[in-house]
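Here's the letter readout for the chains.
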Amino acid sequence: MSQWILSLTIFLILALAFIETPSSLTSTSDVRYRPAPWEPPCGLTQGVEALCLLVFAADVSVKSYLVGWAQFRKNPWLRAYLVVLLVSLVDWIVSLSLVCQEPVRVRRLLRPFFLMQNSSMMKKTLKCIRWSLPEMASVGLLLAIHLCLFTVFGMLLFPGEKDRERLAHFRSLPEALTSLLVLLTTANNPDVMIPAYSKNRLYAIFFIAFTLIGSLFLMNLLTAIIYNQFRGYLMKSLQTSLLRRRLGIRAAYKVLSSMTAEGEAHPEGVGVKPQDFLQVLQKVQLGSDRKQAITEKLHSRSGDLLSADEFQKLFDEFDKRVIKEHPPRPEYWSPFLQSAQFLFSHRYFDYLGNLMALGNLVTICVFLVLDADVLPEDRDDFVLGILNCVFILYYLLEMLLKVFALGLQGYLVSSSNVFDGLLTVVLLVLEISTLAVYRFPHPGWKPEVLGLLSLWDVTRLVNMLVVFRFLRVIPSMELMAVVASTILDLIKNMRAFGGILVVVYYVFAVVGITLFRGVIMAPGNSSLAPDNGSAPCGSFEQLEYWTNNFDDFAAALVTLWDVMVVNNWQVFLDAFRRYAGPWSKIYFVLWWLVSSVIWVNLFLALILENFLHKWDRRSHLQSLTGDLEATSEVTVELLFRDVLEEPTEEELIEKLSHHPHLQLCR
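Cut-offs used in this document
Residues numbered from 1 in each chain as written. Predicted model: local features only at pLDDT ≥ 70, side-chain atom pairs only at ≥ 80, totals over all residues. Heavy atoms only, no water. Disulfide = S-S within 2.5 Å. Helix = DSSP H or I, 4+ residues; strand = E, 2+ residues; numbered from the N terminus. Phe/Tyr/Trp six-rings, centres within 6.5 Å; stacked < 30°, edge-to-face > 60°. Buried < 20%, exposed > 50% of the residue type's maximum accessible area, 1.4 Å probe, protein only. Lys NZ or Arg CZ within 6 Å of the ring centre and 35° of its normal. Core = buried A, V, L, I, M, F, W, Y, C linked by side-chain atoms within 4.5 Å. Contact = heavy atoms within 4.5 Å. Polar contact = N/O pair within 3.5 Å; in protein donor to acceptor, adjacent residues only side chain to side chain. Axes fitted to C-alpha atoms, helices over the stretch in contact; angles between N-to-C directions. Parallel < 35°, antiparallel > 145°, perpendicular 65-115°, else oblique. Left-handed = near helix turned anticlockwise from the far one by under 90°. Nonpolar A, V, L, I, M, F, W, Y, C, P; charged D, E, K, R; others polar. Salt bridge = Lys/Arg side-chain N within 4 Å of Asp/Glu carboxyl O. UniProt positions renumbered as here; feature names shortened; annotations may be inferred. Arc of directions from axis to C-beta.

Trainee: Tell me about the state of the cysteines, and please be specific about residues and values.
Mentor: Here, disulfide denotes a covalent bond that connects the sulfur atoms of two cysteines. With the rule as written, the count across this model stands at one disulfide. With its sulfur 2.0 Å from that of its partner, Cys42 forms a disulfide with Cys100. Taking the sign of the S-S torsion, about 70 degrees here, the bridge from Cys42 to Cys100 comes out right-handed. Here the residue Cys42 occupies a position in the loop between helix H1 (2–15) and helix H2 (44–74), and Cys100 occupies one in the loop between helix H3 (76–97) and helix H4 (106–110), the gap between them amounting to 58 residues.

See the structure below:
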């Protein structure tokens, strides 16, 4: 409960950026059409923030009290936690004293710290990034030298005052440096080369050499270095986790055995009473399925006392996730019903359903192609309406037949069936609503708009749900299912790296709002913003990028995302150079380095590491779990158990003997 409250508090204090001034509560961020946003009254968001700070103060107080003063002084995260709270409180008081009109809010920059300090995996990730910085800095230095050398070469190669290449991209040293930096990401290729290449084809050698060395060699070398640094990160993390688990289990054994051995001459020779183990197990917050599995394993052994090895083996059940057994199917006495049950529970019946889903998707695609040039009000939805009715009736029939064959509980056990059934019910409700409002389809079916949605809107909604339902085919294709399950598992286990990205986005968005809020103005309000007709081709104004600005937090996040993708990011560099000044390039280049160079390569390296391990060991998973109908599936720790090194007895005893929180008579 404490962790849930803390997580909710972190979410609230981070989400305040969308509400507080400048508010993101508008339908669009386009500076030409954006209405005046609702601004919260002074004290509203500050009151919510005060409650959040009180929760954090209680959290740091409890943690500091529990670890003790000596451990508090050694823990930099706890000390930083206290400092951030104090700075935030001072800034909060200043904000209220200025009636919420302060120009800069320092505490907004500090809010992501609360997210980082609450995640041990994020702290480990930051430590690993710090370990990788020297190697990344060496490649970054090579990139900087490469960029500077080719910039000087370009300035010397295009010297003419009337040279198109010099006027377009090499007019000055900063502009030449910016052009080649963007070319390093291939965002302006071949635009930057065309003026020189049209004059002399030999000029292409300069740009090809730059791209070959910088983009294809040095940038990929940076990815390789990051991957090499993080290649053992997963195994190292799992190894540390295994050691902590073994240490905790051995400490529990020591505590329980010391209770059993009170008054004994040789405490090390005794074990743990099963009844003591069961008594403690009942008090532990654990799922009933796991408790039952451990209890059954305990009752299956013989002997009065549990040895250290037997005590450890009981905890191996924690490495298995219990899968609920399939409930028994309904029993029918009629031979005909038994044959029907066998037929509709067979996998070929699923294949038929997948084939029908594919046919429905194909019909939708055909009508999208045929009606591409027809306006919605001129479309005849008669044939598509009939086909949708037929397919939805089949989906309903398929669901009912599966319930008949498997039983209601057996049908709901499978997540794929739940997904199918839920979408089938939604489609059926939409179809019945359509027939009730617009009657049965007929040739020339173009009724007037009745109710909330027009017939075309309902048809589009039905078609989108049908397309979404087609995802049911993924579990039926073995190779695709393995890849999809691996990707989903990667997403679940990469929350720490997603958290790092949230922190980086949050900080840069707040800094961007402080630096660039209001600099992008509508064409009619600024002499620097020409009309669309007079703007140069490919410019910020001509491309109508008016929604990309830093006028509120949500718009800042989208702008940073667009720059991180590095497609046309030279447009942002040029626009903010003109509107805010040449110093704005520093901000965007730093964002490119942090997001596209460091974080994306780090994420790619970690995906490769996780995916390769999971892909290579999926056969080993079968040997651990048996057939696919096993009652348990393994966790990541058990999956890699053959490559993890078990801690030795001496190592465990040595660490326990010096552990500050285990005080036993030795």
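Trainee: So what's going on with the packing of aromatic side chains? Residues and values would help.
Mentor: Under the definition given, this model contains 37 aromatic pairs. Summarising the aromatic geometry, the rings of Tyr348 and Tyr351 are spaced 5.7 Å apart at their centres and angled 50 degrees between planes, so their arrangement reads as tilted. Here Tyr351 and Tyr348 lie together in helix H16 (residues 347–370), a separation of three residues that amounts to about one turn. By relative accessible area, Tyr351 is classed as partly exposed at 38%. With a centroid separation of 5.0 Å and an interplanar angle of 55 degrees, the aromatic rings of Phe508 and Trp591 are classed as tilted. Of this pair, Phe508 sits in helix H22 (residues 495–516) while Trp591 sits in helix H25 (residues 584–616), and the two are 83 residues apart along the sequence. Here Trp591 falls in the buried class, since its relative accessible area comes to 0%. What links up through ring pairs into an aromatic cluster is the set Tyr505, Phe508, Phe516, Phe550, Phe576, Trp583, Tyr587, Phe588 and Trp591. One cation-aromatic arrangement involves Arg347 over Tyr348; the distance from NZ or CZ to the ring centre is 5.1 Å.

Trainee: Describe in detail the nonpolar core, supporting the description with residues and values.
Mentor: Core analysis: the biggest nonpolar cluster contains 92 residues, and Phe56, Phe114, Phe207 and Trp569 have the highest contact counts within it. Per-element accounting of this core gives the leading share, 13 residues, to H22. Ignoring sequence-local partners within four residues, the contact set of Phe56 consists of Leu6, Thr9, Ile10, Ile13, Tyr81, Leu85 and Phe114. Core analysis: the next-biggest nonpolar cluster, separate from the first, contains 18 residues, Phe391, Ile392, Tyr394 and Tyr395 among them.

Trainee: Break down the side chain of Ser88 for me, citing the residues and quoting the values.
Mentor: Within the secondary structure, Ser88 sits in helix H3. Ser88 sits in the buried class, given a relative accessible area of 1%. In terms of polar contacts, Ser88 uses its side chain to reach the backbone carbonyl oxygen of Val84, at 2.8 Å. Not counting residues within four places of it along the chain, the set of residues in contact with Ser88 comprises Leu53, Arg107, Leu110 and Phe114.

Trainee: Any chance you could break down the packing of H16 against helix H17 (residues 382–406) for me, citing the residues and the numbers?
Mentor: Axis separation between H16 and H17 bottoms out at 11 Å; the angle between their running directions is 165 degrees. Taken together, the axes of H16 and H17 lie roughly antiparallel to each other. Crossing geometry of H16 relative to H17 is assigned as left-handed. On H17, the residues that touch Phe349, Asp350, Leu352, Gly353, Met356, Ala357, Gly359, Asn360, Thr363 and Phe367 of H16 are Val383, Leu384, Leu387, Asn388, Phe391, Tyr394, Tyr395, Glu398, Leu401 and Lys402. Among the residues making up the contact of H16 with H17, the classes are represented as 12 nonpolar, five polar and three charged.

Trainee: Residue-level account of the pattern of salt bridges, with values.
Mentor: Applying the stated criterion across every chain yields a total of 18 salt bridges. One salt bridge in this structure joins Glu49 and Arg111, with 3.1 Å as the shortest N-O distance. Placement of the pair is Glu49 in helix H2 and Arg111 in the loop between H4 and helix H5 (112–117), with a sequence separation of 62 residues. Neither residue differs from the other here; Glu49 and Arg111 are each classed as buried. Taking the shortest distance from any N to any O, the salt bridge between Lys402 and Glu398 comes out at 3.8 Å. Within this pair, Lys402 and its partner Glu398 are both found in helix H17, separated by four residues, close to a single helical turn. Exposure remark for Lys402: the relative accessible area of 6% places this residue in the buried category.

Trainee: Give me the UniProt feature "signal peptide" (unreviewed entry) in the protein: which residues, what numbers.
Mentor: UniProt's feature table lists "signal peptide" (unreviewed entry) at residues 1–17, given in the numbering used throughout. The span residues 1–17 shows a helical share of 82% and a strand share of 0%, and its end C-alpha atoms are spaced 26 Å apart.

Trainee: Which residues make up helix H12 (residues 274–283), and what values go with them?
Mentor: Because an α-helix packs 3.6 residues into every turn, residues spaced three or four apart end up facing the same way. Among all positions of H12, only Pro274, Asp276, Phe277 and Leu281 are buried. Buried residues in H12, looked at end-on, bunch into an arc of 160 degrees, giving them a common side. Residues of H12 that are exposed and angled more than 90 degrees away from the buried face: Gln282 and Lys283.

Trainee: An account of unusual backbone geometry is requested, with residue identities and associated values reported.
Mentor: The omega torsion of the bond from Thr21 to Pro22 falls at 0 degrees, within 30 degrees of zero and hence cis. The backbone phi angle of Cys100 is positive, close to 60 degrees, even though this residue is not glycine. The partly exposed category is assigned to Cys100, whose relative accessible area is 21%. Of note in the backbone geometry, Glu544 takes a positive phi value of approximately 55 degrees without being a glycine. Checked against the element boundaries, Glu544 lands in the loop between H22 and helix H23 (553–564). Accessibility expressed as a relative area gives 39% for Glu544, which makes it partly exposed.

Trainee: Tell me about the environment of Trp92, residues and numbers included.
Mentor: Following the sequence through the fold, Trp92 ends up in helix H3. Using a relative accessible area of 18% as the deciding quantity, one classes Trp92 as buried. Sequence separation of Trp92 and Ala50 is 42 residues, and the distance between their C-alpha atoms is 8.1 Å. Once residues within four sequence positions are removed from consideration, Trp92 is found in contact with Gln46, Glu49, Ala50 and Arg107.

Trainee: An account of the side chain of Asp420 is requested, with residue identities and associated values reported.
Mentor: Within the secondary structure layout, Asp420 lies in helix H19 (residues 415–438). With near-sequence residues (within four places) excluded, Asp420 lies in contact with Tyr411, Arg469 and Arg472.

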